[in-house]
Each structure stands twice: as structure tokens, then as C-alpha cells.
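# Examination of the molecular architecture
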Amino acid sequence: MNTLEINDLSKFYGDFQALTKVNINVKQGEIYGFIGPNGAGKSTTIRTVLGLLKPSEGSTKVFGLDSQKNTKKILEKIGYLPAEVNYYDEMNSQQLLEYSARFYKNADTSKIASLADYFELDLTKKIRALSFGNKKKCAIIQSLLHEPELLILDEPTTGLDPLMQNRFFDLLEEENKKGVTVFFSSHILTDIQRVCQRAAVIKKGEIVAVEDIQQLIQKQVKEIKLVLNQAPIDLSFPSGASLQETEGNQVTFSYEGDVNDLAKWLTTQDLKDVQIIEPTLDTVFINYYEN
Amino acid sequence: MGINKNLYRKDLHRNRRGLFIWGAILLGITVMFTAIFPLMSGMQDVMGTAMEEFYGEDMTSSMGMDQMFSDILSFYSTYYSIYIILLFCIYNAVTATGIIAKEERNHTSEFLYVKPITRADVFWSKFLVMLTNLGVIFVLQSGVALLCIQLFKTTEVSMSTFAAMHFHGLIIALFFSCVGLFISIYMRPKKSFMGVVLGLIFGMLILDAISKMADAVNFLGYISPFHYLGLQISDENFGFNTIPAIVFIALSVTLVVLALNKFKKKDILG
């Protein structure tokens, strides 16, 4: 069974169409990426799943239940980390986390201290005195206190320093090992690349691709750099090669195609050194957007 | 109808400062207005003439000031029907406009509405906070007024008249609170609805006062709740108006139901 299903979801704000027939299926236990730049419709999709927004067309299901009709039931099992953290300024983190936990039947408030310690969060500070990063840490903790089965994370690493990002990813992997499904929305591609197995790419409210992250990268153009033992004469490149450049015994070209064909071609060359540079997810992402 | 105790307690705590400040002001002016009566009683002739010269006969009569020095209840009623009811209605209506809209205005709605509670639970919990505040202020102000009237009276006062006036006031305040709640759900959450609320309450009070000045403008009062639920005990046949009271309670319930239906369906923009 899919933990999260989004079927033909469209959302209009007056005449403006924010989402167009969005379809996403997240399997149980998966870490699923949701990539797109700011304003592409990521948060609108998430907010519709959570029942904050009403869909204009289509439906969203969580744990097999319609999220508009069974909002209370599904929210018991969802941990949500918003992109923008807005809490009650007059509370301190401890009060906020305890208040949040009291909404859930199975929240474990004893985890507050250990998680605050893990993320180095001062629980006695008023929310109004917290930096954006510390508010984010508070939001991470509140999303985990009730042992959620699905974590919906919207730009989770924004505001966290690299050390805290690492701790966050470690914690996320630990939760995932326990069986927690994760829906990870971000415009930071290295984050998606780091933890996600599959990802949907959203552009102007439409899903333009749903791909296995590794396949997504493999499908893309690779940059090949060769150093030959001798300067080549009339070098014939493999099919799929483009942007060929030769300078002395150094040859560079871009390659798009089957890596086996490339490997076979490389064995026919008198190689001194070879470098196959994988595209970053940023390159992949830009390709999607440019095409 | 589901009340979430966690949300109810937190919101009650969150509104305590406003309740304390407005409560203190209302109690303070109640004590002040009743305490000065012994000094002012017996000045009906002098003060009545002075007021008629200043405000005019029609205005003095329309605001219940023509008989205000005759006994403490008339004296208190004059102030209650202008100052106390204004503050009472404004406090409750402003509280009502902010009780739900404030979450969106402060962008805390995203935090609250992803908790496992229904929109109806949120609505009723917050509505109960609004009613609690209304009830607390009403009981305190009425209690202090009753105590002070007993302390400073020079003649016997009618308890049924006092009760009728206060229950009319309570129903008017409840009505304006429900109007405030309704407005806050149907309008985009702005910085504050104070201007709208002040305009509405002042407008209704002034319309009622103008309507009593001459028969030709009587019709102006028909749209004001102050017309149906009078607060000036100097009016002939003053007493508790059961049918208008039921009508305004029914109108309040209708506004609440309409607000709830809209709230359940609306997009929370964060």
C-alpha cells in the first residue's frame, strides 16, 4: 500500500492555477524527494495533503484514507516540518513542545530533553528570541515527539548549519530504518541526492518527472576526460558523444548513452588516464528546467 | 461539538492580559460612577437644566439623562447605557474577531491546524474561550455594580430592573461578539478588526440615540440592537424584552453556524 497518494491534484487561487494534475505515489518506508524551485508548488501540494488547503480538483490519500475527510485521523500519524517556522512568541521551546505534544495520544515528552540536547537547543529561551535555525530545530523536535509513521518535511535543512544538517540526516536515516516514510521537499538538490531513493520534479505546478535518483543522474550527460599515451590522429568518438575537444594528448567530450558502449569504446583507446565526471543533481535539475 | 482542552486552556491563558486590563477598566468605572452618586443625588434640577442647555432637550432625553439623578439605578443606567456597554461590547467583539483570525495573522495557523483536531474542534474551543471571557467580565461587572448600588443607594432599587438592564447588555455584547467572529472568518485576516468593530458598535449606539430624538427619525433605530434591548430604565415600560432577546440570541447562533461552515471549508494560507 502507498503511504501517500496524490491523484490528479489541481489547485486554483482565483484564475491562477497553482497545481495542475499532480500525481505522486510514495511507498511505505520510502524516502521520497520532491524537487522544485521556490514557487513551483511544493508547499501548496504539501498543504493540501495536510488539509490546510482544499483541492480544486483531484484527491490526496494518506495511509489509504482521504486526507480531506479523515484529517484528524491521519494527522495523528504525520510529523510535519514546515518551511517557515512560526510559533507562539510568548512561549519558550519547552512550553511549545509540551503544548504540541498534548495534542497527540502517544507523544513522548521525555524525548524533548534528549532531542534538544542532540540538536543543542536551549529549551528555556522564548520563541521570539530564537534564531531561524533554532526555531527549525524546535520544529524538527516537535515533528518527531509523537512517533509519526509519515514525516512530511518542507525545506527541512534551511537555516541549519552543516553540523546540524548532518545530525538531522543521521536522525532521518534512523527514523527511516524504524519504518518511517519520509516525504522530503526541497530545492536543495544535494539534500535530495543524499537521502532520497526516488524524487518527483515539479515545475510551475506540474510534475515533469518522477525518477529513481540514481537513474536520474545516470540518464544525464557525463563529461569524459581522457589522457592518451599519444596525441590521437583521426579519433573516432562513440555514438552519443558531443562537444568533442582535443588538445595534444588530452581529449574531452560529453557522453549521453549506454555506459557499456562507452566502456567498450574506452578499451580500444591507448589510455594513460581517464575521468568520468557524473553530473550533479543541480545539472540534472537545470536540464529539466531548460528542456 | 468537540472542545479541545489543551487548546482551550492555552487560549484562555493567552487572552488573560486583555481580560485583566479591560476587566479592571470596567470594574473601575463601575465603582467610580456608582460611588459619585451620593454626591450628585438631589441635583436633578440644577444638573438637568445644565444638561438640557448643553446637549438640548431631545438629546438629554434620548440618552436617559433627564431622570438620571433621581435614584442610583437611573444614575448608573445612564452611564451603563453609554460607557459601560460600549467598553463591554468593544472588548468582547475585539476578542471575538481575533480569537481565530489571530492564528492566521501571526502565521501560527499552520502549527495549529496540522495537529490531530478537526476544524470544528478548533472553532468550538476558541468560541468557548470567547464565551468564557464574556461570562467572566459580565459576572464580575454585574457583581461589582450590584455591590456598589447596595452600598451607595439612597432609596430602594428594583433588582428586576437591574437584572433586565444587565441581561439586555449581555445579549447585545454576545450579538456583537458573534458579528465580530463572523466578520473575522469571512474577511481576510487583517492586522486588526478594531476599526470595523468600533465603527459598528458606535454606529449602532448613535443610531439608536438619534432615533429617539424625534418621531421622524424613529426608523433609524430599527437596525440597532440597542433599540430592541433597551438599557435606559427611564424609558416607559422598561423591562426584560423576551422576544427581542430570543431573536438576537437566534441571530447570534445563525452567525456562529455560518462562520463555522465557512471556517471548515476555507483555505488556511498560513
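The following refers to the structure shown. What you see is a predicted model; the values in this text were computed from it and never measured. (Residues numbered from 1 in each chain as written. Chains lettered and ligands numbered in written order. Predicted model: local features only at pLDDT ≥ 70, side-chain atom pairs only at ≥ 80, totals over all residues.)

Here we come to the overall build of chain B. Per the secondary structure count, chain B includes twelve helices and zero strands. Starting at the N terminus and walking to the C terminus, you meet the elements of chain B as α-α-α-α-α-α-α-α-α-α-α-α. Rg of the C-alpha trace for chain B: 20 Å, near the compact-globule value of 18 Å for 270 residues, within the 12% margin. Along the longest, intermediate and shortest principal axes, the C-alpha atoms of chain B span 65 × 40 × 30 Å. Put simply, chain B has 270 residues, and 39% of those count as buried. (Helix = DSSP H or I, 4+ residues; strand = E, 2+ residues; numbered from the N terminus. Rg over C-alpha atoms; globule rule 2.2 N^0.38 Å. Buried ≥ 20, exposed ≤ 12 C-beta atoms within 10 Å, placed from the backbone.)

Turning our attention to the interface of chain A and chain B. As a measure of interface size, the accessible area lost when the parts come together is often cited. Opposite the 17 residues of chain A that make contact, chain B presents 16 residues. At three residues, helix α2 (residues 71–75) of chain A tops the list of elements feeding residues into the side of chain A that touches chain B. In the side of chain A that touches chain B, the residues fall into eleven nonpolar, two polar and four charged. (Contact = placed C-beta atoms within 7 Å. Nonpolar A, V, L, I, M, F, W, Y, C, P; charged D, E, K, R; others polar.)

Quick look at the environment of Val182(A) now. Residue and element names in this part refer to chain A. Along the chain, Val-182 turns up in strand β8 (residues 181–186). Residue Val-182 is classed as buried on the basis of its 25 C-beta neighbours within 10 Å. Each residue touching Val-182, except ones within four places of it in the same chain, is listed here: Ile-31, Tyr-32, Leu-151, Leu-153, Leu-172 and Asn-176.

All names here are of chain B. Between helix α6 (residues 72–105) and helix α10 (residues 194–211), the least distance of the axes is 10 Å, while the angle of their chain directions is 145 degrees. Here the hand of the crossing between α6 and α10 comes out right-handed. The segment α6 lies against α10, with Leu-86, Cys-89, Ile-90, Ala-93, Val-94 and Thr-97 engaging Met-194, Val-197, Leu-198, Ile-201 and Leu-205. Looking at side-chain class alone, the contact of α6 with α10 contains ten nonpolar, one polar and no charged residues. (Axes fitted to C-alpha atoms, helices over the stretch in contact; angles between N-to-C directions. Left-handed = near helix turned anticlockwise from the far one by under 90°.)

Attention now moves to the pairing of strand β6 (residues 78–81) of chain A. All names here are of chain A. Alternating residues of β6 divide into Ile-78 and Tyr-80 and Gly-79 and Leu-81, and every residue in both groups is buried. Of the strand pairs in this sheet, β6 and strand β7 (residues 150–154) are connected by four bridges, and their pairing is parallel. In the strand pairing of β7, Gly-79 is matched with Leu-151. (Pairing = 2+ DSSP bridges.)

Next up on the list: the sheet that holds strand β11 (residues 222–228) of chain A. All names here are of chain A. The four strands lie next to each other as β12-β13-β11-β14, forming an open sheet whose pairing is antiparallel. The open sheet has two free edges, formed respectively by β12 (241–247) and β14 (271–277), since each of these has just one partner strand. Strand-to-strand, the axes of this sheet are offset by a mean angle of 15 degrees, without reference to chain direction. Direction of pairing for β11 relative to β14: antiparallel, over a ladder of six bridges. Across the sheet, Val-227 pairs through a bridge with Asp-273, a residue of β14.

Our focus in this paragraph is helix α1 (residues 42–49) of chain A. Structurally, the α-helix is built with 3.6 residues per turn, so residues lying three or four positions apart point the same way. All names here are of chain A. The buried count for α1 comes to eight of eight residues, which makes it a mostly enclosed element. By the burial criterion, the buried members of α1 are Lys-42, Ser-43, Thr-44, Thr-45, Ile-46, Arg-47, Thr-48 and Val-49. Gly-51, located one to two residues past α1, shows a positive phi value of around 85 degrees.

Residue and element names in this part refer to chain A. With five bridges joining them, strand β1 (residues 2–13) and strand β4 (residues 57–62) adopt antiparallel strand pairing. Along β4, the bridge assignment pairs Ile-6 with Thr-60. Across two bridges, β4 lies against strand β5 (residues 65–66) in antiparallel orientation. Paired with Lys-61 across the strands is Asp-66, a residue of β5. If you look at the hairpin formed by β4 and β5, you'll find two residues sitting between the two strands, and Phe-63 has a positive phi there, around 55 degrees.

Let's shift gears to the sheet that holds β1(A). Residue and element names in this part refer to chain A. A sheet is described by the order of its strands in space; here four strands give the open sequence β2-β1-β4-β5, paired in antiparallel fashion. This sheet does not close on itself; its edge strands, each paired only once, are β2 (16–27) and β5. Here β1 pairs with β2 via eight bridges, running antiparallel. Across the sheet, Ile-6 pairs through a bridge with Ile-24, a residue of β2. Against the sheet, α1 touches β1, β2 and β4, its axis set at about 115 degrees to β1.

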